[in-house]
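Fold and contact review
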Amino acid sequence: MSSAAALPPGERTAKASRSRSAPGTPMGPLDPLDPPSRRGRRGGRRRRPECTVYLDLDGTLVEPDGRIVPATLQALALVRERGWRPVLLTGRSRWAADAVARALGVDDVISELGAVVSVGEHLELAAPEAVPFPREALLAALPSRLTEEHAPGTPRMSGLVLRSALSAAEITDELHGRGLRGWCCIDNGASHAPLAGGRPARVLHVLPSGVDKATGIRLHLQLRDLRPDECVVIGDSPADLGCRDVIARTVLVRSDDATAVEAAASDGVPVTDAHGAKGALEAIRTLTAEQLGPV
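Read on for a plain summary of the structure. Please read these numbers as outputs of a predicted model, since none were measured by experiment.

Once that is clear, we can look at unusual backbone geometry. In this model, valine 131 is joined to proline 132 through a cis peptide bond whose omega is 0 degrees. The topology assignment puts proline 132 in the loop between β6 (122–125) and α3 (135–141). Here the phi dihedral of leucine 113 falls at roughly 60 degrees; this positive angle occurs in a residue that is not glycine. Among the secondary structure elements, leucine 113 is positioned in the loop between β4 (108–111) and β5 (116–119). With a relative accessible area of 0%, leucine 113 lands in the buried category. At alanine 151, a position not held by glycine, the phi torsion is positive, near 50 degrees. Inspection of the secondary structure assignment puts alanine 151 in the loop between β7 (147–149) and β8 (160–164).

Printed below as a string of structure tokens:
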């Protein structure tokens, strides 16, 4: 990751106008946020969506390699046909997630594994005090064995992404042992790219302690004035399963990650038969066939 991740002062605020431009562009202050769920396009009240669907990206709404496929578009069309609100819920960087949202016509995005929440044209940070994050100190504290930075040079606002044969708990212990107690590691599933020696790895996010996808959802619920029992989470990783702390109705899209599938089975979380975008479409078809009342 390059020094571009160290953002200018204009981005170091809890609230900022959402920028559609390149990483590193300063953002202006946010006007007082009237929850968008209360506003209509012409100043009137917008009808409250019956359900909000939080959709993970890689391995869920899009294929594990990032491709948008016909099932991606069919899943979103079905959500919109029902009058529901789609929200992207991803570990991708704020800018990468924003690009996908534009391509898919989605207004709201929870990116960087819950650290960054974009609601329409507004952006909020789950841990503004950690921006810019101490990239070099975090890298220096990581064990050199069995751990690699994922996509070095990709700008991010709130933390690191790693591929590692170590567990999230082991990385967290290492950080705390080096005095970085304000940081933790979250497991975001099996990596499709092995380590340099060919050893299988997991994708791990190093974030401010207490930040995860559930944190991002809590912030989004507040901004959109939503109730958890009006929402659904669809994803494919342990990080998505952690959203059950906030959203009881969570569905796991089947993948080759045995850790996630076994955890879902243990917790009684439904698992789709299909993988990837077809799995997301399967989940949405099942949900639209149900009468979704409060849970």
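Turning our attention to helix α2 (residues 94–104). For α2, the full list of buried residues reads Arg94, Trp95, Ala97, Asp98, Val100, Ala101 and Leu104. Its buried side turned inward, α2 meets α1 (70–81), β3 (85–89), β4, β5 and β6. Just beyond α2, the residue with positive phi is glycine 105, at close to 70 degrees.

Overall, antiparallel pairing links the four strands, which are arranged β7-β8-β10-β9 in an open sheet. Here the strands that pair on one side only, and so sit at the sheet edges, are β7 and β9 (183–190). The sheet shows a mean angle of 30 degrees between the axes of neighbouring strands, taken without regard to direction. The pairing of β9 with strand β10 (residues 202–208) spans six bridges and is classified as antiparallel. Bridging from a neighbouring strand, cysteine 185 pairs with valine 206 of β10. On top of the sheet, helix α4 (residues 168–177) reaches β7, β8, β9 and β10; it is set at about 160 degrees to β9, its chief contact.

About the criteria used
Residues numbered from 1 in each chain as written. Predicted model: local features only at pLDDT ≥ 70, side-chain atom pairs only at ≥ 80, totals over all residues. Heavy atoms only, no water. Helix = DSSP H or I, 4+ residues; strand = E, 2+ residues; numbered from the N terminus. Buried < 20%, exposed > 50% of the residue type's maximum accessible area, 1.4 Å probe, protein only. Contact = heavy atoms within 4.5 Å. Pairing = 2+ DSSP bridges. Axes fitted to C-alpha atoms, helices over the stretch in contact; angles between N-to-C directions.

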